[in-house]
Amino acid sequence: MKKVLLLKFGELFLKGKNRHEFLKLLMKNILNKLNGYQLKLEETQGRLIISDYDELLEDEIIENVQKVFGLIAVMPALEFETSLESIESRVKALELDSFKTFKVETKRADKKFPMSSMELSAHIGGVILDEFDWLSVDLYNPDVVVNIEIRVNGKTYLYNKLLPCAGGLPLGSAGKGLLLLSGGIDSPVAGYMMSKRGLEIEAVHFHSYPYTSVQAKEKVFQLAKEISEYCGKIKLHVVSFTEIQEQIHRNCDPEYMITIMRRIMMRIAQRLCKDNGLGAIITGESLGQVASQTMQSMNVTNAVVDIPVFRPVLAFDKEEIMDIAKKIKTYETSILPYEDCCTVFLPKNPVIKPTVARAEYNEKFLDVDALVEQAIANEEIVYIDCDR
């Protein structure tokens, strides 16, 4: 008998002939996340199994595994040679003192085992009732479920804990995109959500020193580090936006300043995508949340790019976004009181229904191409990793 961790994946079952490639990528991501731990990872019949690890580090390993996209659950389990006597013995040794009701669920992949799944569940239920006389059966809402999995490899797995994982698809299975990472609540959540759908991300941050502080820049580095717990190592492009904002402030209609600023950010983001082999831009925009996030504003900013723009929190209200931020532990950093470039030269009454024609008219007073080239030429690249 030995302790193992059973890993359960969800959507990969839907991938048909491509499932093997998704599974191979998932296993690679798990091993990358558990780099530095001595252990063994293998697949058997729709389960991944981690074994031969230091049991003193089990909680750490589980915590890391729970952040791997593509997994939906991890189950600490006992592995032993299949026999009815072994199953009975292991069940009697379970720690069930804190429960009042239970049920037994059996999955019998090895059809040579002499009892059916229902027969074994009923038999083991009787064993538990005899051994733990304070317990009673509840098939619909039990305090604990005793799970038995009988595999064709001659092994049986017994567990009564199912710990949730991040879900989604394996990171890197959907290509690569560029996240516009501000210091706010929304954009880190947007990056997390797209990574959950398999998109590997790089990020760009626009800063306006000296109008924005060094602390504001460090705040973004910290946010990138926090989402890298889920999204993996992040290549962060840090782009100075100071000259661009000064030019906009001097030459453009005040109510169109944010619109022009967003259009130039999108142009820079698209250039970075094309220079770095990235297929989409990701933003944390939520429809109607601020003036620059109306349908008309997004149409005007979209007009300057020809690659997809993903807005995964578009239909979420602020409370929903905050709940996710708290779950992934970016919220406390996001609310630190350091300004970002979007607050610099903020107009009193920004336009909420801009038009492309009016935006293009304002841009005639700027050398947009030169500003974009200068910003990209002076970018700073920082690699962010949760382990650093």
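Just so we're clear, the structure is a prediction, and the values are computed from it rather than from any experiment.

A. Quick look at the overall build of the protein chain. The helix and strand tally for the protein chain stands at 13 helices and 15 strands. C-alpha extents for the protein chain along the principal axes are approximately 85 × 35 × 35 Å. When each of the 388 residues of the protein chain is scored for burial, the buried share is 52%. Of the contacts made within the protein chain by residues no fewer than 6 positions apart, 80% connect residues no fewer than 24 positions apart. For the protein chain, the exposed surface amounts to about 18600 Å²; the carbon and sulfur share of it is 51%. Computed over 47 positive and 55 negative side-chain charges, the inter-centroid distance for the protein chain is 4 Å.

B. Quick look at the side chain of Thr101. Examined against the element boundaries, Thr101 turns out to sit in strand 5 (residues 101–108). Only 2.9 Å separates the side chain of Thr101 from the backbone nitrogen of Asp143, close enough to count as a polar contact.

C. Focus on the pairing of strand 10 (residues 176–180). Within strand 10, 4 of the 5 residues are buried, which leaves the element mostly enclosed by the surrounding structure. Relative to strand 11 (residues 200–207), strand 10 is paired through 5 bridges, and the arrangement is parallel. Counted as the bridge partner of Leu178 is Glu202 from strand 11. Handedness of the crossover is the feature at issue here: the chain leaves strand 10, passes through helix 5 (residues 186–196), returns alongside strand 11, and the resulting connection is right-handed. Relative to strand 13 (residues 281–282), strand 10 is paired through 2 bridges, and the arrangement is parallel. Note that in strand 13 the partner of Leu179 across the bridge is Ile282.

D. Broad picture of the side chain of Asp186. On the secondary structure map, Asp186 appears in helix 5. Taking relative accessible area as the criterion, Asp186 reaches 9% and is therefore assigned buried.

E. Representation of the pairing of strand 7 (residues 144–150). The buried fraction of strand 7 amounts to 6 of the 7 residues, a majority that puts the element mostly inside the structure. Strand direction decides the pairing type here: strand 5 and strand 7, joined by 7 bridges, are parallel. The partner of Phe102 across the bridge, within strand 7, is Val144. Relative to strand 8 (residues 155–159), strand 7 runs antiparallel, the two sharing 4 bridges. In the sheet register, Ile150 faces strand 8, and the bridge partner there is Thr156.

F. Structural context of the packing of aromatic side chains. This structure, assessed with the given rule, holds 6 aromatic pairs. On the basis of an interplanar angle of 80° and a centroid distance of 5.6 Å, the ring pair of Phe132 and Trp134 is categorised as edge-to-face. Assessed through its relative accessible area of 5%, Phe132 is described here as buried. Ring geometry for Tyr361 and Phe365: centres 5.3 Å apart, planes at 80°, overall edge-to-face. The partly exposed category is assigned to Tyr361, whose relative accessible area is 44%. Given the relative accessible area of 44%, Phe365 is considered partly exposed. Each member of the aromatic cluster is reached from another via a ring pair, and the members are Phe69, Tyr192 and Tyr230. The cationic tip of Arg90 hangs over the ring face of Phe80; the distance from NZ or CZ to the ring centre is 5.6 Å.

G. Region of the structure containing the pattern of salt bridges. On inspection of all chains with the given rule, the structure shows 21 salt bridges. Here Lys24 makes a salt bridge to Glu21, at a shortest N to O gap of 3.6 Å. Within this pair, Lys24 and its partner Glu21 are both found in helix 1 (residues 19–33), separated by 3 residues, close to a single helical turn. Note on Lys24: relative accessible area 46%, which makes it partly exposed. Its relative accessible area of 46% is what places Glu21 among the partly exposed residues. A salt bridge links Lys103 to Glu105; its shortest N-O distance comes to 3.2 Å. Overlapping salt bridges, with partners in common, bring together Lys2, Asp52 and Glu79 in one network.

H. Quick peek at the sheet that holds strand 10. Read from one edge to the other, the open sheet built from 6 strands follows the order 14-13-10-11-12-15, with strand pairing classed as mixed. Since the sheet does not close on itself, it has two edges, and those belong to strand 14 (309–310) and strand 15 (380–384), each with one partner.

I. Helix 5, seen in detail. Of all 11 residues in helix 5, 10 are buried, a share of seventy percent or more. Listing the buried residues of helix 5 in full gives Asp186, Ser187, Pro188, Val189, Ala190, Gly191, Tyr192, Met193, Met194 and Ser195. Trailing helix 5 by a residue or two, Gly198 shows a phi angle of about 95°, which is positive.

Conventions adopted
Residues numbered from 1 in each chain as written. Predicted model: local features only at pLDDT ≥ 70, side-chain atom pairs only at ≥ 80, totals over all residues. Heavy atoms only, no water. Helix = DSSP H or I, 4+ residues; strand = E, 2+ residues; numbered from the N terminus. Buried < 20%, exposed > 50% of the residue type's maximum accessible area, 1.4 Å probe, protein only. Contact = heavy atoms within 4.5 Å. Areas by Shrake-Rupley, 256 points an atom, 1.4 Å probe, with all protein chains shown as cover. Lys, Arg positive; Asp, Glu negative; His and termini not counted. Charge placed at Lys NZ, Arg CZ, Asp CG, Glu CD. Polar contact = N/O pair within 3.5 Å; in protein donor to acceptor, adjacent residues only side chain to side chain. Pairing = 2+ DSSP bridges. Right-handed = clockwise from strand over helix to strand, strands pointing away. Phe/Tyr/Trp six-rings, centres within 6.5 Å; stacked < 30°, edge-to-face > 60°. Lys NZ or Arg CZ within 6 Å of the ring centre and 35° of its normal. Salt bridge = Lys/Arg side-chain N within 4 Å of Asp/Glu carboxyl O.

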